[in-house]
Amino acid sequence: MTAAVAADRRPPRSRSSARRLRSVRRALFVTLLVAGGLLMMAPFLWMIATSLKTRAEVFATPPTLFPITAQWRNYPDMWNALPFASFFLNSAKLAALNTIGQLVSCSMAAFAFAALRFRFREPLFALLLVTLIIPFQVVLVPNFILYRLLPHPVSTSGNWIGTQEPLWVGAFLGGAFGTFLLRQFFLAIPRELGDAARVDGANPWHIYRHVYLPLAKPALATLAIFTFMWSWNDLIDPIIYLRDVESLTVTAGLSLFQGQYVGRWPLLMAGALVSVLPMIVLFILAQRHFVRGIALTGIKG
Amino acid sequence: MTAVRRSARWRAGGPLAGEGRWAAFFLAPTLLGLAVLSAGPILATLAISLTRWDLLTAPKVVGLDNYLALLSDDRFQKALRNTFFYTAVSVPVGLTIALGLALALNARIRGIAFIRTAYFLPVVTSTIAIALVWQWIYSADSGLLNQVLGVFGIPAQKWLSNPTLAMPSIIAMSIWQGLGVNVIIFLAGLQAIPADLLDAASVDGAGARARFRHVTLPLLTPTIFFTGVLSLIGSFQVFDQIFVLAKPKPTEATITVVYFIYENGFKFFKMGYASAASWILFLIVAAFTAVYFWSQSRWVHYQ
């Protein structure tokens with residue numbers, strides 16, 4: 001901590017011993033940070049290294065860090081062991097639907113809370129915030145029962161259990177996190193913009209569509225990325241609702257894979273790596289949005 | 001005050017009548033969601049918890065039987081104890097490490113963005129993939145951890161099946177995975193601290209430690225409070241880690257309340273019993289959150 005503050009001061013090059021002590025400290029501090037970063041990366045590197053080993057190498061004594069020759073065939077072997085192509089399509093489809101649903105429904109609610117005047121606005125918003133702190137498991141059973149009551153035209157059970165519908169339809173019915181995030185952003189938009197449009201005869205829908213939404217693009221991008229990530233990484237809902245192997249998501253498929261290939265670490269690591277690749281690429285492309293999303297809700301919370 | 005000014009502006013801008021109807025239109029999806037998916041079902045859970053219901057036959061009202069049964073259910077007691085242990089360790093340890101890291105990462109050093117990325121990567125990857133790697137790291141034969149410890153002559157441990165080590169091992173992984181979120185929030189909080197306050201303290205002769213103790217830390221308490229709420233609520237909901245690391249099913253040393261709910265509701269189809277456990281979890285989280293919010297007047301400094 002002391003070092004952190006000291007590092008801020010950027011001393012000019014000097015021969016004095018105090019300065020030298022400082023630069024030693026600084027070097028130590030940077031080394032520690034880099035070492036910590038490597039420690040954070042270690043599981044990922046270990047995953048990559050293991051995914052390219054043979055089974056014998058994995059259990060070799062003395063243990064090896066890197067494979068002697070990279071076993072690239074572990075990847076097609078893993079890919080063909082279970083219908084991973086379907087898993088990826090399912091996850092991508094669900095993540096896209098969830099993202100669209102949240103963008104539409106949360107932005108509409110956020111606009112109402114930020115720009116419209118109506119009775120019960122404050123208590124309704126408070127109720128929405130309360131649902132933010134309720135553990136979602138509390139509603140797991142009634143939601144399951146609700147989806148079990150809803151008729152479904154093509155499912156074998158006749159209801160929504162065993163279909164992918166419970167995993168995305170709810171996203172079109174708003175959400176506390178997204179509404180809160182967008183409302184914070186909408187509140188920062190000068191009301192004069194909406195007022196001016198109003199004088200020109202625009203109704204609230206036009207103001208929402210042509211004034212607020214275009215200005216809120218950064219916040220919408222943040223919400224889109226978060227929703228995509230949550231949907232992609234969700235585990236409990238797929239394992240509760242999905243029944244056929246073909247309909248599984250990447251996470252649920254990986255869990256099945258784990259059960260069927262116990263101890264076959266190279267294949268399991270290849271599967272884990274392939275499953276996280278889309279999120280890692282998304283994160284690297286949109287790091288700014290991740291950081292902003294977390295920071296925004298963090299500060300104003 | 002602002003509300004009054006706003007309403008006057010709207011009135012100047014256009015007819016106020018009909019705005020309620022527009023609000024109903026914009027809020028329709030959210031209201032439906034609240035009614036059938038979030039707020040409404042909380043009450044439904046309470047009602048279901050008073051019944052015995054296997055989904056195949058009609059629910060039978062049994063009053064408080066489920067709650068009484070939970071009180072004497074050894075597995076539920078263990079689940080509660082493990083969840084408390086998980087929370088009591090992972091929240092303070094996780095927050096302390098994150099705060100230290102945020103202070104370090106706040107420094108202006110070339111290449112810091114790259115190091116930051118390393119810390120945030122575990123946040124965006126799914127717990128199942130992460131837990132798979134950790135299962136392999138913790139593996140009793142040839143796992144990375146035992147190999148590294150072997151270099152120092154420490155005997156191999158069964159990290160995930162030894163009852164004393166299993167929960168701490170799972171907690172270590174969770175802290176590693178969750179660090180990034182808290183670090184980001186702390187970094188945002190640190191960057192919001194006015195530089196002139198720190199400079200003024202320097203001019204007054206405050207050393208780095210004194211500046212941290214008397215300027216940075218007090219101004220950071222709202223952020224610490226917020227990350228605390230997030231971590232507290234999140235830790236009571238721990239499930240994914242347990243589901244993956246404690247396969248085929250958690251022992252008494254690793255079961256948590258949410259796994260208990262999952263097991264009873266969706267494996268044994270004891271809907272009433274699972275609902276009663278959910279409601280108890282809800283009450284516990286609500287009580288902890290309430291006490292935590294009540295405590296904020298004692299240690300959180302708002303500017």
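What counts, and where the lines are drawn
- Residues numbered from 1 in each chain as written.
- Chains lettered and ligands numbered in written order.
- Predicted model: local features only at pLDDT ≥ 70, side-chain atom pairs only at ≥ 80, totals over all residues.
- Helix = DSSP H or I, 4+ residues; strand = E, 2+ residues; numbered from the N terminus.
- Rg over C-alpha atoms; globule rule 2.2 N^0.38 Å.
- Buried ≥ 20, exposed ≤ 12 C-beta atoms within 10 Å, placed from the backbone.
- Contact = placed C-beta atoms within 7 Å.
- pLDDT = per-residue confidence, 0-100.
- Core = buried A, V, L, I, M, F, W, Y, C linked by C-beta atoms within 7 Å.
- Domains from an automatic or database assignment.
- Nonpolar A, V, L, I, M, F, W, Y, C, P; charged D, E, K, R; others polar.
- Axes fitted to C-alpha atoms, helices over the stretch in contact; angles between N-to-C directions.
- Parallel < 35°, antiparallel > 145°, perpendicular 65-115°, else oblique.
- Left-handed = near helix turned anticlockwise from the far one by under 90°.
- Expected span 1.5 Å × (residues − 1).

**Q** Can you break down the overall build of chain B residue by residue, with the values?
**A** Within chain B one finds 14 helices and two strands. Its C-alpha radius of gyration of 25 Å places chain B more than 25% over the 19 Å reference for a compact globule of 303 residues. Dimensions along the principal axes, computed over C-alpha positions, put chain B at roughly 75 × 70 × 35 Å. The buried share of chain B, reckoned over its 303 residues, is 42%.

**Q** Tell me about the overall build of chain A, and please be specific about residues and values.
**A** Scanning chain A for helices and strands turns up 15 helices and zero strands. For chain A, whose C-alpha radius of gyration is 25 Å, the value lies well above the compact-globule estimate of 19 Å for 301 residues. For chain A, the residues scored as buried account for 41% of the 301 residues in total. Looking at chain A alone, contacts between residues at least 24 apart form 68% of all its contacts between residues at least 6 apart.

**Q** Kindly report on the interface of chain B and chain A, identifying the contributing residues and their values.
**A** In this complex, chain B contributes 88 residues to the contact, which on the side of chain A involves 81 residues. Among the elements that take part in the side of chain B that touches chain A, helix H2 (residues 19–36) of chain B stands out by supplying 12 residues, more than any other.

**Q** Mind laying out the confidence of the model for chain B, listing which residues take part and the relevant values?
**A** Residues at a pLDDT of 70 or more form 94% of chain B, whose mean pLDDT is 88. For this predicted complex, the interface confidence comes out at an ipTM of 0.84, alongside a pTM of 0.85.

**Q** Go over the confidence of the model for chain A, please, and point to the residues and values.
**A** All names here are of chain A. Confidence along chain A averages 87 in pLDDT terms, with 92% of residues attaining 70 or more. The lowest-confidence element of chain A is helix H1 (residues 2–7), averaging 44 in pLDDT; the highest-confidence one is helix H5 (residues 84–115), averaging 97. Every residue in residues 1–14 is under pLDDT 50, and counting partners more than four places away or in other chains gives 26 contacts.

**Q** Could you give an account of the nonpolar core, naming the residues involved and the relevant values?
**A** Phe-111 and Ala-272 of chain A together with Leu-132, Val-133, Val-183 and Ala-277 of chain B are the most contacted members of the largest nonpolar core, which totals 147 residues. Split by domain, the residues of this core number at least three in each of domain 1 (2–74) and domain 2 (76–300) of chain A.

**Q** How would you summarise the domain arrangement of chain A if you had to cite specific residues and measurements?
**A** All names here are of chain A. As assigned here, chain A comprises domain 1 (2–74) and domain 2 (76–300). Computed from C-alpha coordinates alone, the two centres of domain 1 and domain 2 are separated by 35 Å. Every contact between the two is made by 11 residues of domain 1 and, on the other side, 11 residues of domain 2. Of all the secondary-structure elements, those providing two or more residues to the side of domain 1 that touches domain 2 are helix H2 (17–51) and helix H3 (55–58). With four residues, H2 is the largest single contributor of residues to the side of domain 1 that touches domain 2. Looking at the side of domain 1 that touches domain 2 residue by residue, the class counts come to three nonpolar, five polar and three charged.

**Q** Outline the packing of H2 of chain A against helix H14 (residues 265–285) of chain A, listing residues and values.
**A** When two helices pack together, their arrangement is given by the angle between their axes and by how far apart the axes lie. Residue and element names in this part refer to chain A. Following both chains from N to C, one finds H2 and H14 inclined at 125°, their axes separated by 7 Å at the closest point. The angle between the axes of H2 and H14 places the two elements in the oblique class. Crossing geometry of H2 relative to H14 is assigned as left-handed. In this structure, H2 uses Met-47, Ile-48, Thr-50 and Ser-51 to contact H14, whose residues at the interface are Trp-265, Pro-266, Met-269, Ala-270, Ala-272 and Leu-273. Class assignment for the residues of the contact of H2 with H14 results in eight nonpolar, two polar and no charged.

**Q** Before we move on, could you go through unusual backbone geometry and cite the residues and values that matter?
**A** All names here are of chain B. The peptide bond linking Lys-247 to Pro-248 adopts the cis configuration, its omega dihedral lying at 0°. Its location among the elements puts Pro-248 in the loop between helix H12 (240–245) and helix H13 (257–266). Phi is positive for Phe-269, close to 50°, though the residue is something other than glycine. When you line up the elements, Phe-269 lands in the loop between H13 and helix H14 (271–299).

**Q** Describe H14 of chain B, listing the residues and the values that go with them.
**A** In this model H14 of chain B runs 42 Å from its N-terminal to its C-terminal C-alpha over 29 residues, within 8% of the 42 Å that 1.5 Å per residue would give. Within H14 of chain B, the full set of buried residues consists of Met-271, Gly-272, Tyr-273, Ala-274, Ser-275, Ala-276, Ala-277, Ser-278, Trp-279, Ile-280, Leu-281 and Val-285 of chain B.

**Q** I'd like a description of the packing of helix H5 (residues 74–105) of chain B against H13 of chain B, backed by residues and values.
**A** It is the contact of H5 of chain B with H13 of chain B, at a shortest axis distance of 8 Å, that shows an interaxial angle of 145°. Contact residues: Arg-75, Phe-76, Ala-79, Leu-80 and Thr-83 of chain B in H5 of chain B; Val-257, Tyr-259 and Phe-260 of chain B in H13 of chain B.

**Q** So, helix H11 (residues 217–233) of chain A: which residues are in play, and what are the values?
**A** Along its 17 residues, H11 of chain A runs 24 Å from first to last C-alpha, staying within 8% of the 24 Å computed at 1.5 Å per residue. Of all the 17 residues making up H11 of chain A, 13 are buried; the element is thus mostly covered by neighbouring parts of the structure.

**Q** Quick rundown of the environment of Val-130 of chain A? Include the residues and the values.
**A** Secondary-structure assignment places Val-130 of chain A in helix H6 (residues 121–133). The spatial distance from the C-alpha of Val-130 of chain A to the C-alpha of Ala-176 of chain A is 8.5 Å, given a sequence separation of 46 residues.

**Q** Residue-level account of the environment of Leu-144 of chain B, with values.
**A** Residue placement: Leu-144 of chain B occurs in helix H8 (residues 144–151). You can call Leu-144 of chain B buried: it has 20 C-beta atoms within 10 Å. For the pair Leu-144 of chain B and Trp-134 of chain B, spaced 10 residues apart in the sequence, the C-alpha separation amounts to 9.2 Å. Residues in contact with Leu-144 of chain B, not counting those within four places in the same chain, are Trp-46 of chain A together with Ile-137 of chain B.

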